[in-house]
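# Topology and contacts: notes
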Amino acid sequence: MIDTDEKSASTGVRSLLRGLEILIAVNENPPATITRLVTLTGLPKATVIRLLATLRSAGYVRQNSDTGAYEPLPQVRRLASAMMVENPFLTEARQRLNVFGLQVGWPSDLLMAEPDAMVTAASNRDTSPIHLRRFEQRRFPILDSAAGLAYLAALPQGERLEIVKRQCAALDDGGNVQQRVDVTLQAITEVGNQGFSMHDYNAPMAGTRAVGVAVVSQGRPVGALVLIILKGAVTDGQLHEQYLPALQECAAGLGAAYHLHKGV
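Notes on the structure in this doc start here. Every value quoted in this text rests on a predicted model; they were computed, and no experiment measured them. (Residues numbered from 1 in each chain as written. Predicted model: local features only at pLDDT ≥ 70, side-chain atom pairs only at ≥ 80, totals over all residues. Heavy atoms only, no water.)

## Observations regarding the sheet that holds strand β5 (residues 139-141)
Read from one edge of the open sheet, six strands run β5-β4-β3-β8-β7-β6, paired in antiparallel fashion. Unpaired on one side and paired on the other, β5 and β6 (197-201) mark the two borders of the sheet. For this sheet, the mean inter-axis angle between neighbouring strands, taken without regard to orientation, is 35 degrees. (Pairing = 2+ DSSP bridges. Helix = DSSP H or I, 4+ residues; strand = E, 2+ residues; numbered from the N terminus. Axes fitted to C-alpha atoms, helices over the stretch in contact; angles between N-to-C directions.)

## Details of the environment of G59
Its location among the elements puts G59 in the loop between α3 (45-57) and β1 (61-63). Placed 15 residues apart in sequence, G59 and P74 show a C-alpha to C-alpha distance of 8.6 Å. Setting aside residues up to four positions removed in sequence, G59 forms contacts with L73 and Q75. (Contact = heavy atoms within 4.5 Å.)

## Details of the packing of helix α5 (residues 88-104) against helix α9 (residues 236-261)
One way to put it is that α5 packs onto α9 with a least axis distance of 10 Å and a crossing angle of 165 degrees. The pairing of α5 with α9 is recorded here as roughly antiparallel in orientation. As for the relative orientation of α5 and α9, their crossing is right-handed in sense. Residues P88, F89, E92, A93, R96, L97, F100, Q103 and V104 of α5 pack against Y243, A246, L247, C250, G253, L254, A257, Y258, L260 and H261 of α9. Grouping the constituent residues of the contact of α5 with α9 by class yields 14 nonpolar, three polar and two charged. (Parallel < 35°, antiparallel > 145°, perpendicular 65-115°, else oblique. Left-handed = near helix turned anticlockwise from the far one by under 90°. Nonpolar A, V, L, I, M, F, W, Y, C, P; charged D, E, K, R; others polar.)

Here is the structure:
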């Protein structure tokens, strides 16, 4: 009986976490279509539809009858009001990012790791001398982002392999899963060898480049620090000689702060 209860509880917890992922995505990207939510969360379309129906019946979201998109309801603000106690780690992280932004000029984001995504926790985009438009989303795929690759490269090999296999299998696009796993692991190995990751985006503006390094606390990665630049404005020499050392130093400081505050 105990084993059955534990298995049931585990399934329920996973459903709760997925429901919260949907709720966060709707709250941060209103109005959000089902297609958009699938992209942001990485969850199957059928799961997204089922969770949206639950959240809608509970009064957390509503569906626009004209567009079909979803928007948060005031109930979400009530839920958030209980979470407004300031996080001491994030307070210090923002302070460190602000100093770092003044040092390098370009904006940067701190992203923390969740099981299958990287989530923006703090940023200096409002205080850095160079202002770039923000990404529309705060959640990034762990396999397809500078933050995710930097984080994975710092993970123990077994944990890294487990995440990569799970994520590659979840894509379910008819491709060769094992081949995708091998290619992804090779890319992560290259990131580990060079000590940083790099990912180019055409959004929120063309030529955006993210350069990431892992944030490690007590020998374990907890997230990643990402420097946002325009690739046409920074030479390889500047990146390696000027920006990367500063990025790595700031990431080390964030890791120490995480340990000091125990991540909370």
